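One letter stands for each residue in the lines below.
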Amino acid sequence: FFFLMIRRPPRSTQSRSSAASDVYKRQVSTQSTWGKDLIFGRTKMAQKELKRFSLEEVKRHTAVNDVWIILFGKVVNATQYLAEHPGGMDILMAQAGKDATDEFVTRGHTDYARSIMDQYVIGALDEQSLAYVEEQRKLRLAARKFEKISNTELGKHNTRESCWLVLNGRVVDVTNYLKEHPGGEDAILPYAGRDATAAFDEQGHTKLAKRIAEEKTIGVLNTSITWAELANHRSEKDCWLAVQGKVYNVTEFMDEHPGGPSLLLGSAGRDATEEFVAQGHSANAKKQMQKYLVGDLDVNSERVVIPRASGGIKLNQILFVVLGLVIGVVMYFLLR
């Protein structure tokens, strides 16, 4: 559902040069090669078709009348495209002789833009240069300082106007990508303000898709949850509880819970360890809980006392009802 590279026709509301339109017409019936490049899995046969350049060679082409840039390991001669670039030639000139992949990705270029760039590919980096460029990219990412974002803050960004989601513990802002998503924004929005890791991995996304996600990362999810934050999630539509130092979001499990939603609501926003242990949950139940794990409870934070919800049913109340039923059945048979 996420970041798949498919052909998309240009928007009718956006003006394009006749030359660019001709490029699109020539390309519309073919599969884009972007995303299947040297870094991200292009076939060995296709790799051999491209002339190899060293990084030093690319660095020599930085003049207005001779501009080369690197995109996804490919060498692009953008000289003739300078005047046609929608963002102006200054943006391209700033990347002349460099690896412009990160800049290209963060600006959210469409597959149409990639099809145009395909026309100006003149080769690819040699293996040594490619390895160096990729290593430098990894170092840049590692050097980025990310703030910790709480689950509460993450949950506020669950709309089209502000869409954040979590991938492998990192918070990714995909707001500006929604309209460009090949599968449509409705494929992403159900995961807005939530952890989308499982769904993302199930789709078998390419390294390119993962790279796009990396570039759009804005922070890391803070998995340490205070008593106060836990206490904020105690409604039928937002139900968290703590068990043995772990915090779980059981909202989606409410209707599936064998004991009914009232038992979970009765423990919402607080530590439910006592009730959980008393119920004698099976090993399978404990394993199933991992699906709903949110993070670790910060037991040293200032504790917030949450009374049991009025809709909850205590264990002794359940036992009293069961005992009453048993006595009723026994008396029935004795008096017959």
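None of these values were measured; they are calculated from a predicted model.

Draft legend 1. The arrangement of the side chain of asparagine 151 in detail. Note on placement: asparagine 151 falls in helix α8 (residues 151–155). For asparagine 151, a relative accessible area of 13% translates into the label buried.

Draft legend 2. Representation of the pairing of strand β7 (residues 164–167) in the model. Burial along β7 is two-sided: Trp164 and Val166 facing one way and Leu165 and Leu167 facing the other are all buried. Bridge analysis of β7 against strand β8 (residues 170–173) gives four bridges, and the strand direction is antiparallel. When the bridges of β8 are listed, leucine 167 appears paired with arginine 170. Between the antiparallel neighbours β7 and β8 lie two residues, among them asparagine 168 with a positive phi of about 50°.

Draft legend 3. Molecular detail of the pairing of strand β12 (residues 238–243). In terms of burial, β12 is a largely internal element, five of the six residues being buried. As paired strands, strand β11 (residues 234–235) and β12 are joined by two bridges and run antiparallel to one another. Bridging from a neighbouring strand, serine 235 pairs with aspartate 238 of β12. Connecting the antiparallel pair β11 and β12 is a turn made up of two residues.

Draft legend 4. Expanded view of the sheet that holds strand β6 (residues 147–149). Strand order across the open sheet formed by four strands is β6-β9-β8-β7, with mixed pairing between neighbours. This sheet does not close on itself; its edge strands, each paired only once, are β6 and β7. The mean inter-strand angle of the sheet, taken between neighbouring strand axes irrespective of direction, is 45°.

Draft legend 5. Representation of the nonpolar core in the model. Membership of the largest hydrophobic core comes to 19 residues, with the highest contact counts inside it found for Ile69, Leu71 and Met117. For this core, the elements supplying multiple residues, two or more each, are β3 (66–71), α5 (101–106), α6 (111–118) and α10 (207–215). Aside from chain neighbours lying at most four places away, what touches isoleucine 69 is Lys74, Val75, Val76, Leu92, Gln95, Ala96, Lys98 and Ala100. Tyr177, Phe200, Ala209 and Ala213 belong to the second-largest nonpolar core, a separate cluster that totals 14 residues.

Parameters and conventions
Residues numbered from 1 in each chain as written. Predicted model: local features only at pLDDT ≥ 70, side-chain atom pairs only at ≥ 80, totals over all residues. Heavy atoms only, no water. Helix = DSSP H or I, 4+ residues; strand = E, 2+ residues; numbered from the N terminus. Buried < 20%, exposed > 50% of the residue type's maximum accessible area, 1.4 Å probe, protein only. Pairing = 2+ DSSP bridges. Axes fitted to C-alpha atoms, helices over the stretch in contact; angles between N-to-C directions. Core = buried A, V, L, I, M, F, W, Y, C linked by side-chain atoms within 4.5 Å. Contact = heavy atoms within 4.5 Å.

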